[in-house]
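Architecture and fold: a report
Here are the chains, one letter per residue:
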Amino acid sequence: MKNYTSINDIPDLSILIKEAIALKKNPFQFESLGKHKTLVMLFFNSSLRTRLSTEKAAQNLGMKTMVLNINNAWNLEFDDGTVMNLNTSEHIKEAARVISQYADLIAVRAFPELIDKVKDEYEIIINGFKTYATVPIISMESSTAHPLQALADAITITELSSKQKPKVVLSWAPHPKALPHAVANSFVKMIQQLDVDFEITHPEGYELNPKITKGVTINYDQNEALRKADFVYVKNWSNYKDYGKVTNEDPNWMITKSKLDQAKFMHCLPVRRNVVVEDAVLDSDQSVVIEQANNRTFAAQIIMKKLLENLNE
Ligand code: CP
């Protein structure tokens, strides 16, 4: 593995999940692997879980970490050939190469603007770092993908499933703000590699990128989709066709205890209580959101272990 910016960078997901679960039982097993190595973490956007779990994962591997909130640095330019006489002060060509001298791995979080679909899907920031950095790049959530979250979710489902082939449903839920598609996209890509029955439920018109959901069952009837589900992964995303707009806030799509029935409730967090999901779900034993957040550490740790091993080859 040379970079980790997509679930597709994982050669064999089931093997990696097994390795992550083994690492979780003995997290300091490889603490000499990262000795004298540094992870630089660059944040263009806010974070709680990603920042702390990735830092903890690096520390478990014996690495040092440096965190830079990009808002506190120079405004970066990503376009080639630009006359930089406006708001940008430093080009990615210099910045990525400079940071690479301080880092053995660079992790980047850069959300979409949700204004121009083509621009967001071009992944200008993460691809800029991949092009110009001289060390491996890890996505801590980009415009269209959140592969560390999806790997943590795969670990969680594998650990908690009592069935050979569980039914997993991804359900849209309402939210007052326009949110990215990244978590849903990576979850869909990841879950298709597991042995599960999978369907997606969302209001008509809220289809995700059809290239990502190709071949997946989509059901506009949430109650029908949730029937006999073992895991219900809940996430809001803004409209993909009417790009970045909130065109539906129907509270009837909120997840309730009665809709969930016996299923386990999953969400990447942060979650708005009594908008996305009612208190009774989050406060019940059926919610596995805390386990998911814990598995963020071991998802990040197994990925960084692979990248460090690749550096040593
Ligand atoms: N799930 C997740 O990525 O959380 P943060 O945005 O807090 O990092």
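Residues numbered from 1 in each chain as written. Predicted model: local features only at pLDDT ≥ 70, side-chain atom pairs only at ≥ 80, totals over all residues. Heavy atoms only, no water.

**Describing the overall build of the protein chain**
Regarding its fold elements, the protein chain presents 12 helices and 11 strands. Relative to its length of 313 residues, the protein chain is compact, with a C-alpha radius of gyration of 20 Å against a globular reference of 20 Å. Each principal axis of the C-alpha distribution contributes one length, and for the protein chain these read about 55 × 50 × 35 Å. The buried share among the 313 residues of the protein chain stands at 56%. Sequence separation of at least 24 residues holds for 77% of the intrachain contacts in the protein chain that already meet a minimum separation of 6. Total accessible area on the protein chain is roughly 14600 Å²; 48% of this is exposed by carbon and sulfur atoms. Charge-centre separation for the protein chain: the mean point of 36 positive side chains lies 4 Å from the mean point of 38 negative side chains. (Helix = DSSP H or I, 4+ residues; strand = E, 2+ residues; numbered from the N terminus. Rg over C-alpha atoms; globule rule 2.2 N^0.38 Å. Buried < 20%, exposed > 50% of the residue type's maximum accessible area, 1.4 Å probe, protein only. Contact = heavy atoms within 4.5 Å. Areas by Shrake-Rupley, 256 points an atom, 1.4 Å probe, with all protein chains shown as cover. Lys, Arg positive; Asp, Glu negative; His and termini not counted. Charge placed at Lys NZ, Arg CZ, Asp CG, Glu CD.)

**Quick word on the pairing of strand β1 (residues 38–43)**
The element β1 is largely enclosed, with a buried count of six among its six residues. Of the two faces of β1, the one lined by Thr 38, Val 40 and Leu 42 and the one lined by Leu 39, Met 41 and Phe 43 are each fully buried. Crossover β1 to strand β2 (residues 64–69) through helix α2 (residues 49–60) is right-handed. Direction of pairing for β1 relative to strand β5 (residues 105–109): parallel, over a ladder of five bridges. (Right-handed = clockwise from strand over helix to strand, strands pointing away. Pairing = 2+ DSSP bridges.)

**Quick look at the sheet that holds strand β6 (residues 137–139)**
Taking strand neighbours across the sheet as the criterion, the four strands line up as β2-β1-β5-β6 in an open arrangement whose pairing is parallel. Since the sheet does not close on itself, it has two edges, and those belong to β2 and β6, each with one partner. Across this sheet, the average inter-strand angle for adjacent strands is 20°, counted without regard to direction. Where α2 meets the sheet, its contacts fall on β1, β2 and β5, and the angle it forms with β1 comes to roughly 175°. Strands in contact with helix α12 (residues 289–312) are β1, β5 and β6; relative to β5, the strand with the most contacts, it is inclined by about 145°. (Axes fitted to C-alpha atoms, helices over the stretch in contact; angles between N-to-C directions.)

**Observations concerning the sheet that holds strand β10 (residues 231–235)**
Pairing is parallel in the open sheet, where five strands are placed in the order β9-β8-β7-β10-β11. Either end of the sheet is taken by a strand with one partner, and the two such strands are β9 (217–219) and β11 (264–266). For this sheet, the mean inter-axis angle between neighbouring strands, taken without regard to orientation, is 25°. As paired strands, strand β8 (residues 197–201) and β9 are joined by three bridges and run parallel to one another. In the sheet register, Glu 199 faces β9, and the bridge partner there is Thr 217.

**Considering the pattern of salt bridges**
When the charged atoms of two side chains with opposite charge come close together, those side chains can pair. Taken as a whole, this structure holds 13 salt bridges when the rule is applied. A salt bridge links Asp 80 to Lys 93; the nearest nitrogen and oxygen atoms lie 2.8 Å apart. Pair noted here: Asp 80 is in the loop between β3 (76–77) and β4 (90–91) and Lys 93 is in helix α3 (residues 92–102), with a separation of 13 residues, a long-range link. For Asp 283, the salt bridge identified is with Arg 273, shortest N-O distance 2.9 Å. Taken as a pair, Asp 283 in the loop between α11 (279–282) and α12 and Arg 273 in the loop between β11 and α11 lie far apart in primary sequence, 10 residues in all. Since its relative accessible area comes to 54%, Asp 283 is described here as exposed. Because the salt bridges share partners, they merge into one network encompassing Arg 273, Asp 279 and Asp 283. (Salt bridge = Lys/Arg side-chain N within 4 Å of Asp/Glu carboxyl O.)

**Quick word on the domain arrangement of the protein chain**
The domain boundaries assigned to the protein chain delineate domain 1 (7–145 + 296–312) and domain 2 (147–292). The distance between the C-alpha centroids of domain 1 and domain 2 comes to 25 Å. The interface of domain 1 with domain 2 comprises 32 residues on the first partner and 31 residues on the second. Both sides of the domain 1 and domain 2 interface together cover about 2500 Å² of buried area, and 67% of this is carbon and sulfur. The three residues of domain 1 that bury the most area against domain 2 are Ile 7, Leu 114 and Arg 296, which together make up 28% of that side's buried surface. Taken together, the connections running from domain 1 to domain 2 amount to one salt bridge. Residues Lys 24 and Glu 159 are paired through a salt bridge, measuring 2.9 Å at the closest nitrogen-oxygen approach. At the junction of domain 1 and domain 2, the tally comes to seven residue pairs in polar contact (both at pLDDT 80 or more). For the side of domain 1 that touches domain 2, the elements supplying multiple residues, two or more each, are α1 (13–25), α2, α4 (117–122), β6 and α12. Residue composition of the side of domain 1 that touches domain 2, grouped by class: 18 nonpolar, six polar and eight charged. (Domains from an automatic or database assignment. Buried area = accessible area lost by both parts, 1.4 Å probe. Polar contact = N/O pair within 3.5 Å; in protein donor to acceptor, adjacent residues only side chain to side chain. Nonpolar A, V, L, I, M, F, W, Y, C, P; charged D, E, K, R; others polar.)

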